[in-house]
Amino acid sequence: MHTYLFVDGLDVVARSDSSLVGLDPRRLLRPGGPLYPTDMPCTVVVATQEQPEPGLGRLTVRVRLRGETVIWSDLRHPGLDGGPIEEVRFRLEQYLGEIERAYAALKDQLVILPSEPG
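Just so you know, these numbers come straight off a predicted model, no measurement behind them. (Residues numbered from 1 in each chain as written. Predicted model: local features only at pLDDT ≥ 70, side-chain atom pairs only at ≥ 80, totals over all residues. Heavy atoms only, no water.)

A.B. asks: Residue-level account of the nonpolar core, with values.
C.D. replies: Leu35, Val46, Val63 and Trp72 are the most contacted members of the largest nonpolar core, which totals 24 residues. Taken together, the elements giving at least two residues each to this core come down to α1 (12-16), β4 (42-50), β5 (54-66), β6 (69-78) and α3 (92-109). Among the elements that make up this core, the one with the highest residue count is β5 (4 residues). If sequence neighbours within four positions are ignored, Trp72 has contacts with Leu5, Val7, Leu35, Val61, Arg62, Val63, Glu86, Glu87, Val88, Phe90 and Tyr95. (Core = buried A, V, L, I, M, F, W, Y, C linked by side-chain atoms within 4.5 Å. Buried < 20%, exposed > 50% of the residue type's maximum accessible area, 1.4 Å probe, protein only. Helix = DSSP H or I, 4+ residues; strand = E, 2+ residues; numbered from the N terminus. Contact = heavy atoms within 4.5 Å.)

A.B. asks: Break down the side chain of Arg64 for me, citing the residues and quoting the values.
C.D. replies: With respect to the helices, strands and loops of the structure, Arg64 is situated in strand β5. A polar contact is formed between the side chain of Arg64 and the side chain of Ser73, at a distance of 3.2 Å. Every residue in contact with Arg64, bar those within four places of it in the chain, is listed here: Pro37, Thr38, Pro41, Thr69, Val70, Ile71, Ser73 and Glu87. (Polar contact = N/O pair within 3.5 Å; in protein donor to acceptor, adjacent residues only side chain to side chain.)

A.B. asks: Would you mind going over unusual backbone geometry in detail, with residue names and values included?
C.D. replies: Despite not being glycine, Asp74 has its phi angle at roughly 65°, a positive value. By the secondary structure assignment, Asp74 is in strand β6. According to the relative accessible area criterion, Asp74 is exposed, its value standing at 52%.

Purely spatial values, then, with no claim about function.
Shown next, in the form of structure tokens:
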């Protein structure tokens, strides 16, 4: 299972490096997970090379919160006009709503098997 990250309708991972795949959404989208913004900027690995096991190639974004704006920077993908997109901004309320919506949808798909009697 992979996370697909779209900004303005563009797949950030595929446009940055088509040999990479997004990390497991349970890792990226969990409550308080790496994509949740904080006042302290952090660099988040969002995609890696998929071989039998993740390889050395990776895609990172720098996530930070400034007021009511979430900023992703250090991007490296072309926009619709072919020019580089280096930074995107999101309204905090909408950003958190999308993460929570995606995580809730993911939780609805998970099947948790009962543990065996011990």
